[in-house]
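Descriptive structure summary
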Amino acid sequence: MRTFPAPLTGTAIALFLLTACGGTGGDAAPASAPPAPASYSPPTGPGPDDSPPATGMSPDGSPGAATPVPDAPVSVAEAGIGRILVDGEGRTLYLFEKDKNGKSSCYDECATAWPPYLTTGKPKAEEGAKENLISTTERKDGTEQVVYGDWPLYYYQGDEKAGDTSGHDIEEFGAEWYAVGPNGKKITE
């Protein structure tokens, strides 16, 4: 939760204006801003020096364009629909049946609803995932998307937290979407 400093008091505003307007013309020392309340913490968020979120989702955690993850981890987790592939933060990864031969066909509006799982290095198999099934494919914009078996991997913008599988077994953008099993195939219930 973001907190903000208390509003400036009349005294603080007067000191600011006096300093900004050159004061009294003398050699008076510039006024300083009042100290921030103890509960204040500066806003945090993406900036030029911030690292990308570990999940690969957009920096503010909202649906939309994904952010590449260095050496994107793929692991296996237990879910209500079975053992599924997840990213390093436990978020469900999906396949799109319209994709063919390890190449993505999900762009524009599709990639907003289903952000691709992107990497800036060689993806890593962790906790039950198979190294020999992990690869990447180059997207039209030059980014590298993680592939498992023959399927480029995606998030679903409707999943709010790790373990959610609300994108499983739904049809959007001309084909079905499924969570992926450790064998590289769609989960069928």
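Just so it is clear, the model here is predicted, and its values are computed rather than measured.

Side-chain positions along a regular strand alternate between the two faces of the sheet. Most of strand β2 (residues 82–86) is tucked away: four of the five residues are buried. With five bridges connecting them, strand β1 (residues 73–79) and β2 associate as antiparallel partners. Along β2, the bridge assignment pairs Glu 78 with Arg 83. Where β1 hands over to β2, the hairpin turn is made up of two residues, counted between the paired strands.

Here we come to unusual backbone geometry. Residue Asp 71 is not a glycine yet carries a positive backbone phi of 50 degrees. Mapped onto the elements of the fold, Asp 71 is located in the loop between α1 (10–20) and β1. Classification of Asp 71 as partly exposed rests on a relative accessible area of 33%. Non-glycine residue Glu 127 carries a positive phi angle of around 35 degrees. Mapped onto the secondary structure, Glu 127 falls in the loop between β5 (124–125) and β6 (134–138).

Moving on, we come to the environment of Arg 139. Mapped onto the fold, Arg 139 is located in the loop between β6 and β7 (144–148). Exposure remark for Arg 139: the relative accessible area of 6% places this residue in the buried category. C-alpha of Arg 139 to C-alpha of Cys 106: the two residues are 33 residues apart in sequence and 9.5 Å apart in space. When near neighbours in sequence (up to four residues on either side) are disregarded, Arg 139 contacts Ser 104, Cys 106, Tyr 107, Ala 111, Pro 116, Leu 118, Gln 145 and Tyr 154. Within the structure, Arg 139 has its side chain in polar contact with the side chain of Gln 145 (distance 2.7 Å).

Here Thr 112 shows up in helix α2 (residues 109–113). For the pair Thr 112 and Gln 157, spaced 45 residues apart in sequence, the C-alpha separation works out to 7.7 Å.

Two orientations exist for strands paired in a sheet by backbone hydrogen bonds: parallel and antiparallel. If you trace the three strands from one edge of the open sheet to the other, you get β2-β1-β5, paired in mixed fashion. Each edge of the open sheet carries a strand with a single partner, namely β2 and β5.

Turning to the sheet that holds strand β9 (residues 170–172), a few remarks are in order. Read from one edge of the open sheet, three strands run β3-β10-β9, paired in antiparallel fashion. Every interior strand has two partners, whereas the edge strands, β3 (94–96) and β9, have only one. With direction set aside, neighbouring strand axes in the sheet form an average angle of 35 degrees. Pairing analysis gives three bridges linking β3 to strand β10 (residues 175–179), with the strands arranged antiparallel. What sits directly across from Phe 96, in β10, is Trp 177.

Our next topic: the pattern of salt bridges. If you walk through the whole model with that rule in mind, you get three salt bridges. Linking Lys 186 and Glu 97 is a salt bridge whose minimum nitrogen-to-oxygen distance equals 2.9 Å. With a gap of 89 residues between them, Lys 186 in the segment after β10 and Glu 97 in the loop between β3 and α2 connect regions that are remote in the sequence. On the basis of relative accessibility, which here comes to 32%, the residue Lys 186 falls in the partly exposed class. For Glu 131, the salt bridge is made with Lys 122, and the minimal N-O distance between the two is 3.3 Å.

Our next topic: the confidence of the model for the protein chain. On average, residues of the protein chain carry a pLDDT of 77, and 66% of them reach 70 or more. Residue range residues 1–21 is modelled with pLDDT below 50. Its contacts to residues more than four positions away, or to other chains, number 17 contacts. Low pLDDT (under 50) marks residues 58–64, which in the prediction has 15 contacts with non-local residues, meaning those over four places away or in another chain.

Scoring rules and cut-offs
Residues numbered from 1 in each chain as written. Predicted model: local features only at pLDDT ≥ 70, side-chain atom pairs only at ≥ 80, totals over all residues. Heavy atoms only, no water. Buried < 20%, exposed > 50% of the residue type's maximum accessible area, 1.4 Å probe, protein only. Helix = DSSP H or I, 4+ residues; strand = E, 2+ residues; numbered from the N terminus. Pairing = 2+ DSSP bridges. Contact = heavy atoms within 4.5 Å. Polar contact = N/O pair within 3.5 Å; in protein donor to acceptor, adjacent residues only side chain to side chain. Axes fitted to C-alpha atoms, helices over the stretch in contact; angles between N-to-C directions. Salt bridge = Lys/Arg side-chain N within 4 Å of Asp/Glu carboxyl O. pLDDT = per-residue confidence, 0-100.

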